[in-house]
Amino acid sequence: MKFDVVVVGSANLDLVAQLDRLPRPGETLRANSYSEYAGGKGLNQAVACARMGANTAFVGCIGDDDAGKYLRGILDSEGIDSTHVRVVNAPTGRAFINVDAHGENSIVVVSGANAHVGSDESEFKIPDGGIVLAQLEVPQNVIALAFSKAHDNGSQTVLNPAPAAPLNEKLFDLTDVLVPNETESLALGGISALLKSGVGKIVVTQGELGAEIVSQSGTERIAPFSVTPIDTVGAGDAFIGAMCAELARGSSLQEACRMASVAGALATTVRGAVPSLPTRSAVLVAQGTKT
Ligand code: RIB
């Protein structure tokens, strides 16, 4: 079976404190409230794809624990194929997240099981998909392997280089669409360096300013969609998932990014990563193309 999108990535339990402001180094603050949500950039992007109508598979690792069972349950309830989710001898990934009164966040990720993705290299299989999407919360050599298999199958590859880190050289050539935010783009040397790197197209997400599509032929702005944010966790994941789902439908990158810009903005209006990811019909209604 060929999936629209195959996501190779992380699955985390997000432990989220809501505070008036983010703590300074050495400071202890009292939170206003605390919540736990399904998260992880990989799982979030898989759910975002599925809610946008893409037939989606997730490849990742969880621990043999309650958090792992909970996250597998989320994948199942979203209709995401989890045949290639392995249970490994490590705790399910965790993310410690602070969200301030303006919706800004800071995140510390503990990889746990996510570090084991692809550790069974000889048996590591990627299901067939029109698009193979990855982020940097799983080992980069595994992403390179997945992208190289994807290209052998004629699939398109999309990389979200988050969290920011230097990239394995091979990934520049193996990535068709790179989707960094501004911080991640700077960490990779900035746009002009990226344009020389071998990456096909670059979509830079800019939060409340929208996004830019950058290629050798120039830059195209994608307008922001205006909302009042309460929690920005998962907004980038909503953008990327929506973009991939729309590309899989046959939309141009410009059209896909316009839908993604609305999806990313809507995600900031709901607390938590997975709970905030919009459906395609919510995006169309917000865009004014559906009542
Ligand atoms: O992009 C947001 C995600 O980053 C959170 O869900 C958290 O788990 C971290 O992976």
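First things first, this report covers the structure right here in the doc. This is a predicted model, so every value here is computed, not measured.

Reading the values: rules and limits
Residues numbered from 1 in each chain as written. Predicted model: local features only at pLDDT ≥ 70, side-chain atom pairs only at ≥ 80, totals over all residues. Heavy atoms only, no water. Near = heavy atom within 4 Å. Polar contact = N/O pair within 3.5 Å; in protein donor to acceptor, adjacent residues only side chain to side chain. Helix = DSSP H or I, 4+ residues; strand = E, 2+ residues; numbered from the N terminus. Nonpolar A, V, L, I, M, F, W, Y, C, P; charged D, E, K, R; others polar. Buried < 20%, exposed > 50% of the residue type's maximum accessible area, 1.4 Å probe, protein only. Pairing = 2+ DSSP bridges. Contact = heavy atoms within 4.5 Å. Axes fitted to C-alpha atoms, helices over the stretch in contact; angles between N-to-C directions.

Let's shift gears to the site of the ligand. Among the 13 residues in the neighbourhood of the ligand, the closest are listed as D14, G40, K41, E137 and D237. Within the side chain of D14, a nitrogen or oxygen atom sits 2.6 Å from an oxygen atom of the ligand. A distance of 2.9 Å separates an oxygen atom of the ligand from a polar atom in the backbone of G40. Broken down by secondary-structure element, the contributors of at least two residues to the shell around the ligand are β2 (12–18), α1 (41–51) and β7 (105–110). In terms of residue class, the shell around the ligand is built from 4 nonpolar, 5 polar and 4 charged.

Next up on the list: the pairing of strand β6 (residues 93–99). In β6, alternate side chains face the same way, and those of G93, A95, I97 and V99 are buried while those of R94, F96 and N98 on the opposite face are not. The pairing of β2 with β6 spans 7 bridges and is parallel. Note on β6: the bridge partner recorded for A17 is N98. Taken together, the 6 bridges between β6 and β7 define a ladder with antiparallel strand orientation. Each residue of the ladder has a partner; that of A95, found in β7, is V109. The hairpin formed by β6 and β7 contains 5 residues between the paired strands, and G103 there has a positive phi angle of roughly 90°.

A word on the side chain of Q18. Inspection of the secondary structure puts Q18 in strand β2. Overall, the relative accessible area of 6% leaves Q18 in the buried class. Polar contacts involving the side chain of Q18 include one to the side chain of S33, which spans 2.4 Å. With sequence-adjacent residues up to four places away left out, Q18 is seen in contact with A31, N32, S33, Y34, S35, Y37, V99 and R271.

This part takes up the environment of S261. One can find S261 in helix α8 (residues 253–267). Given a relative accessible area of 8%, S261 falls into the buried group. A C-alpha to C-alpha distance of 9.7 Å links S261 and Q206, two positions 55 residues apart in sequence. In this structure S261 touches G210, I222, A223, P224, F225 and F239, once residues within four positions along its chain are discounted.

Turning to the sheet that holds strand β3 (residues 33–39), a few remarks are in order. Across the sheet, 4 strands lie side by side as β3-β2-β6-β7; this open sheet has mixed pairing. Two strands in the sheet have a free side with no partner beyond their single neighbour: β3 and β7. Across this sheet, the average inter-strand angle for adjacent strands is 20°, counted without regard to direction. In this sheet, β3 lies alongside β2 in antiparallel orientation, the contact comprising 7 bridges. Bridging across to β3, L13 finds its partner in A38.

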